[in-house]
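Tertiary structure, described
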Amino acid sequence: MAAADPALTWPVVAAMLAGAALHAGWNALVKSAGDKPVDTALLQVFAAAIALPLALAVGLPDRAAWPFIACSLAIHLGYYVALAGAYQHGELGMTYPIMRGSAPLLVALCSATVLGETLGTLAWAGIAGITVGVVLVGLAHPGAALHAGKALGFALANAVIIAAYTVVDGLGVRAEAAAAGGSPWRYVAWLFVLDGIAYPALVAWRRGRAGRAEALAYARRRWQLAALGGAAAMASYAIALWAMTRAPVASVAALRETSVLFAALLGTLLLGERF
């Protein structure tokens with residue numbers, strides 16, 4: 001397995017901040033949707049379409065990466081279901097910070113045993129600070145958060161799911177990078193291609209024939225925005241997976257949650273939520 005750089009570098013930090021803004025952007029798009037499962041599925045279809053040429057160009061991942069890809073696909077199904085549920089019942093400014101803020105600490109707790117990473121005192125302090133700060137953004141109005149019990153439940157469940165796929169993909173992208181001589185792009189490309197099949201198929205299956213016709217009509221009205229969201233989603237996670245080959249996964253996961261700042265602004269400026 002390829003060893004991670006023990007410290008974040010400024011190019012990785014800059015890339016992660018750009019990825020954080022993209023991540024907040026596509027989540028705001030899903031939150032603004034009238035049919036959140038269909039919007040999420042449509043977004044994944046476009047992300048897969050964007051990734052397909054790259055996947056064909058770079059070839060299939062190494063055998064060592066496929067178990068991680070399969071596991072990640074299963075976990076991501078739960079992620080999209082919980083994401084749509086959180087946004088169906090709660091505001092972006094509440095659910096997004098709770099989902100994103102709790103995950104880095106869970107990743108850090110797993111990193112020593114699962115990833116073999118050792119974090120220093122300063123790294124632990126930074127991760128803890130980000131976790132507490134981000135979660136408090138979502139709980140800025142605790143009465144409203146507790147009142148939206150379903151949204152809170154989906155958000156907390158998704159925090160565990162996010163931590164799970166972060167660890168799995170961290171292991172998978174490193175296994176692929178080691179096999180490919182340092183390149184993680186085969187893993188990234190094929191994960192998005194297959195992700196764009198799995199969740200949309202689940203949504204279509206759950207809708208039934210009449211529901212699929214309605215979903216298709218809705219998709220025709222939203223495809224331009226979904227295409228932008230799909231590009232943002234792919235770019236954001238591709239940056240994160242690339243960063244995991246350059247720095248500790250726990251630190252990358254924590255830095256990625258600066259997306260909460262962008263989400264808070266988007267929720268206020270575009271969705272009319274309280275800041």
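First things first, this report covers the structure right here in the doc. (Residues numbered from 1 in each chain as written. Predicted model: local features only at pLDDT ≥ 70, side-chain atom pairs only at ≥ 80, totals over all residues. Heavy atoms only, no water.)

Counting through the fold element by element, Leu52 comes out in helix H2 (residues 36–58). For Leu52, a relative accessible area of 36% puts it in the partly exposed group. Remark: the alpha-carbon pair of Leu52 and Leu194, spanning 142 residues in sequence, is separated by 9.5 Å. (Helix = DSSP H or I, 4+ residues; strand = E, 2+ residues; numbered from the N terminus. Buried < 20%, exposed > 50% of the residue type's maximum accessible area, 1.4 Å probe, protein only.)

Moving on to the pattern of salt bridges. The tally for this structure, following the rule as stated, stands at 3 salt bridges. Notably, a salt bridge pairs Asp39 with Arg222, separated by 2.8 Å at the nearest N-O pair. Taken together, the residues Asp39 in helix H2 and Arg222 in helix H8 (residues 185–244) connect sequence positions 183 residues apart. For Asp39, a relative accessible area of 2% corresponds to the buried category. (Salt bridge = Lys/Arg side-chain N within 4 Å of Asp/Glu carboxyl O.)

Another aspect to go through is the nonpolar core. By size, the foremost hydrophobic cluster in this structure holds 80 residues, and its most contacted members are Met16, Trp26, Tyr79 and Leu241. Considering each element in turn, this core owes the most residues, 21 residues, to H8. Trp26 has contacts with Leu43, Tyr79, Leu83, Gly229, Ala232 and Ala233, leaving out every residue within four places of it along the chain. (Core = buried A, V, L, I, M, F, W, Y, C linked by side-chain atoms within 4.5 Å. Contact = heavy atoms within 4.5 Å.)

Attention now moves to the packing of H8 against helix H9 (residues 249–256). Contact pair H8 / H9: the axes reach a minimum separation of 9 Å and the direction vectors enclose 150 degrees. Here H8 is positioned roughly antiparallel relative to H9, judged by the angle of their axes. Seen along the crossing, H8 lies across H9 with a hand that is right-handed. Contacts from Ser236, Tyr237, Ala240, Ala243 and Met244 of H8 reach H9 at Val249, Val252 and Arg256. Its residues assigned to classes, the contact of H8 with H9 shows 6 nonpolar, 1 polar and 1 charged. (Axes fitted to C-alpha atoms, helices over the stretch in contact; angles between N-to-C directions. Parallel < 35°, antiparallel > 145°, perpendicular 65-115°, else oblique. Left-handed = near helix turned anticlockwise from the far one by under 90°. Nonpolar A, V, L, I, M, F, W, Y, C, P; charged D, E, K, R; others polar.)

On to H2. End to end, H2 covers 33 Å across 23 residues, agreeing with the expected 33 Å (1.5 Å per residue, within 8%). Those residues of H2 that are buried lie in contact with helix H1 (10–31), helix H3 (66–89) and H8. (Expected span 1.5 Å × (residues − 1).)

A cluster of nonpolar side chains, contributed by Leu105, Leu106, Leu109, Trp124 and Val160, occupies part of the molecular surface with about 410 Å² of accessible area. In terms of residue count, helix H4 (residues 92–115) provides more of the nonpolar patch than any other element does, 3 residues in total. For Trp124, the position within the fold is in helix H5 (residues 121–138). Judged by its relative accessible area of 32%, Trp124 falls in the partly exposed class. (Patch = residues over 30% accessible without salt bridge, like charges linked within 9 Å, V, L, I, M, F, W, Y side chains within 5 Å. Areas by Shrake-Rupley, 256 points an atom, 1.4 Å probe, with all protein chains shown as cover.)

Structurally, Thr166 is set in helix H7 (residues 149–179). Looking at Thr166, the relative accessible area reads 6%, which means it is buried. Side-chain polar atoms of Thr166 contact the backbone oxygen of Ile162, separated by 2.7 Å. Non-local contacts of Thr166, meaning those with residues more than four positions away in its chain, are made with Val107, Tyr237, Met244, Val249 and Ala253. (Polar contact = N/O pair within 3.5 Å; in protein donor to acceptor, adjacent residues only side chain to side chain.)

Looking now at the packing of aromatic side chains. Within the structure shown, the criterion is met by 6 aromatic pairs. Pairing Tyr165 with Tyr237 gives two aromatic rings, centres 5.7 Å apart and planes at 90 degrees, and the pair type is edge-to-face. Of this pair, Tyr165 sits in helix H7 while Tyr237 sits in helix H8, and the two are 72 residues apart along the sequence. When its relative accessible area of 6% is taken as the criterion, Tyr237 is described as buried. Where Phe192 meets Tyr237, the ring centres are 6.5 Å apart and the plane angle is 65 degrees; that geometry is what we call edge-to-face. Assigned by exposure class, Phe192 and Tyr237 land together as buried. Taken together, the ring pairs in this structure connect Tyr79, Tyr80, Tyr165, Phe192, Tyr199 and Tyr237 into an aromatic cluster. (Phe/Tyr/Trp six-rings, centres within 6.5 Å; stacked < 30°, edge-to-face > 60°.)

All quantities given are derived from atomic positions and should not be read as evidence of function.
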